[in-house]
Amino acid sequence: MSRRSARKHVLSILFQKDFNTEETLEDIIKTYSEEIEHISGGDLSFVKSELEGIVANETDILKTIENYASGWTVDRMSRLDTAILKIAIYEMLYCEDIPDKVSINEAVELAKEFSSDKAPGFINGILGRVIADKK
């Protein structure tokens, strides 16, 4: 499985987590990987690592989203777009082995596939501002 496919799993689980606040992340991952989508061992470790990193840094990631989303709060954004942004910003800020451009491209592709027509541009704009300030 490619990292692109693994990111789709991360997105699905993050999205489920937003609606399923009673279950632990570990329970959601277990149910998802056993009953919904089989994820192989190596890919499962990437998915878990991404999810655990996002959850551990969620407060900072959400602050980053709001800082760069001019005139928008996370509460006003679609949960799907927020989940896509969480993945990309986590990778950009905390994963040195993933180039920023790859994270941005993957986020835009996820938005094209799963979100509204305006989402890719919106997401690209926020992530572009994040990367500009990193330099």
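Residues numbered from 1 in each chain as written. Predicted model: local features only at pLDDT ≥ 70, side-chain atom pairs only at ≥ 80, totals over all residues. Heavy atoms only, no water.

Caption draft 1: How the structure looks around the overall build of the protein. Each helix and strand counted, the protein has 7 helices and 0 strands in total. Starting at the N terminus and walking to the C terminus, you meet the elements of the protein as α-α-α-α-α-α-α. When the backbone C-alpha atoms are referred to their principal axes, the protein occupies close to 40 × 30 × 30 Å. The proportion of buried residues among the 135 residues of the protein is 45%. (Helix = DSSP H or I, 4+ residues; strand = E, 2+ residues; numbered from the N terminus. Buried < 20%, exposed > 50% of the residue type's maximum accessible area, 1.4 Å probe, protein only.)

Caption draft 2: Main features of the pattern of salt bridges. Enumeration according to the criterion identifies 11 salt bridges in this entry. In this structure, Lys48 engages Glu26 in a salt bridge whose closest nitrogen and oxygen atoms are separated by 3.5 Å. Of the two residues, Lys48 is situated in helix H3 (residues 41-56) and Glu26 in helix H2 (residues 25-36); the sequence distance between them amounts to 22 residues. Residue classification places Glu26 among the partly exposed residues on the basis of a relative accessible area of 39%. In this structure, Asp100 and Lys134 form a salt bridge, with 3.0 Å as the shortest nitrogen-oxygen distance. Taken as a pair, Asp100 in helix H6 (residues 100-114) and Lys134 in helix H7 (residues 119-134) lie far apart in primary sequence, 34 residues in all. Residue Lys134 is classed as partly exposed on the basis of its relative accessible area, which comes to 40%. One connected set of salt bridges, linked through shared partners, spans Arg4, Arg7, Glu91 and Glu106. (Salt bridge = Lys/Arg side-chain N within 4 Å of Asp/Glu carboxyl O.)

Caption draft 3: Fine view of the nonpolar core. Core analysis: the biggest nonpolar cluster contains 43 residues, and Ile13, Leu51, Ile84 and Leu127 have the highest contact counts within it. Counting residues per element, the ones that place at least two in this core are helix H1 (3-19), H2, H3, helix H4 (58-68), helix H5 (79-94), H6 and H7. With 9 residues, the single largest contributor to this core is H5. Each residue touching Leu51, except ones within four places of it in the same chain, is listed here: Val10, Ile13, Leu14, Leu25 and Ile29. (Core = buried A, V, L, I, M, F, W, Y, C linked by side-chain atoms within 4.5 Å. Contact = heavy atoms within 4.5 Å.)

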